[in-house]
Amino acid sequence: MPYAVTHVLIVVIFLELFREYFIKNKQNFPFHYIFAGGIFSLLPDFDVAIYYFLSFLGFTLEQIHRTFSHNIFVPLFFLLLAFVSYKFKSKKLSEHHLKLRNIFLVIAFGIFIHLLLDVTIWGSIMPFYPLSSFSVGLDLVEFLPIAWQKSFLQSLDAALLVLWLVWLEVRHKISSFL
């Protein structure tokens, strides 16, 4: 299971690159969307917090984590909300150049990327839970040399954070804010 930093930064980096290279008018895709996508990319792991409460009733982490919040229905729910809210107008949101449908779209994107990372890097998910207990996972970390496996996720977090900070400096000159 990738760590929280990886989940957030992968989504933030993808959304930032999308904004940078595909959006002509940057006001149509403000940084609020990138922030929302990054924060909500952690939503599937909220089941760990629920586990802490349910553990007093005898539930194990394996019975809770990567079940009801790690399936394809969660991002599809937010896609449905984006579709339903297509014509929704909010003066408060429009003051910040935001649209509710786009907020739901970046949330769905963040959750989908979370699931994709969990499936590919380490572990498995049940994509159709609770309809099926079918589980899928590539466990790519297991293909690394054994000596690297325990430190890979921390190293991935560190590398992504450094790359993102370098990007912020090169593209947005964040050191000038200090």
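All residue numbers refer to positions counted from 1 along the written sequence of the respective chain. pLDDT decides what is reported in this predicted model: residues at 70 or higher carry local features, side-chain atom pairs at 80 or more are listed and counted, and totals for whole chains, interfaces and linings draw on all residues regardless. In computing side-chain values, all of the structure's heavy atoms are included and hydrogens and water are not.

**Student:** Honestly, the layout of surface pockets in this entry has me stumped. Any pointers?
**Tutor:** To find the voids left in a structure, one rolls a probe of water-molecule size over its atoms. Here the term cavity refers to a set of points on a 1 Å grid, laid over the protein atoms alone, in which a 1.4 Å probe fits but cannot get out; the term pocket refers to an open set having protein on both sides within 12 Å along at least five of seven lines, with lining residues being those that place an atom within 4 Å of a point. Grid points are joined across faces, edges and corners, and a volume is the space filled by probe spheres set on the points. As a volume, the largest pocket reaches approximately 250 Å³. Lining the largest pocket are Met1, Val48, Leu61, Glu62, His65, Arg66, Thr67, Gly123, Ser124, Ile125, Met126 and Ser135. Under the grouping applied here, Gly and all other residues not named as nonpolar or charged are polar, the nonpolar ones being Ala, Val, Leu, Ile, Met, Phe, Trp, Tyr, Cys and Pro and the charged ones Asp, Glu, Lys and Arg. Taken together, the residues of the lining of the largest pocket break down into five nonpolar, five polar and two charged. Taken as a whole, the second largest pocket holds about 160 Å³ of empty space. Considering the residues around the second largest pocket, the lining is formed by Ser85, Tyr86, Lys87, Phe88, Lys89, Ser90, Leu93, Ser94, Leu98, Lys99, Leu100 and Arg101. Those elements that provide at least two residues to the lining of the second largest pocket are helix H6 (91–94) and helix H7 (100–120). Numbering of helices and strands runs from the N terminus, with a helix taken as a DSSP run of H or I at least four residues long and a strand as a DSSP run of E at least two residues long.

**Student:** Which parts of the structure should I look at to understand the packing of aromatic side chains?
**Tutor:** Here the distance between the centres and the angle between the planes together describe a pair of aromatic rings. Working definition: rings of Phe, Tyr and Trp (its six-membered ring) pair if their centres are within 6.5 Å, and the pair is stacked with planes under 30 degrees apart, edge-to-face with planes over 60 apart, and tilted otherwise. What the rule picks out here adds up to seven aromatic pairs. For a Lys NZ or an Arg CZ to count as sitting over a ring, it must be within 6 Å of the ring centre and within 35 degrees of the ring normal. Above the ring of phenylalanine 31, the side-chain terminus of arginine 19 is found at 4.1 Å from the ring centroid.

**Student:** So what exactly am I meant to see when it comes to the side chain of histidine 7 here?
**Tutor:** Positionally, histidine 7 belongs in helix H1 (residues 4–22). Contacts are residue-level and defined by heavy atoms, with any inter-residue pair within 4.5 Å sufficient. Apart from the residues lying within four places of it in its own chain, the contact partners of histidine 7 are Pro2, Ser41, Leu42, Asp45, His114, Leu117 and Asp118.

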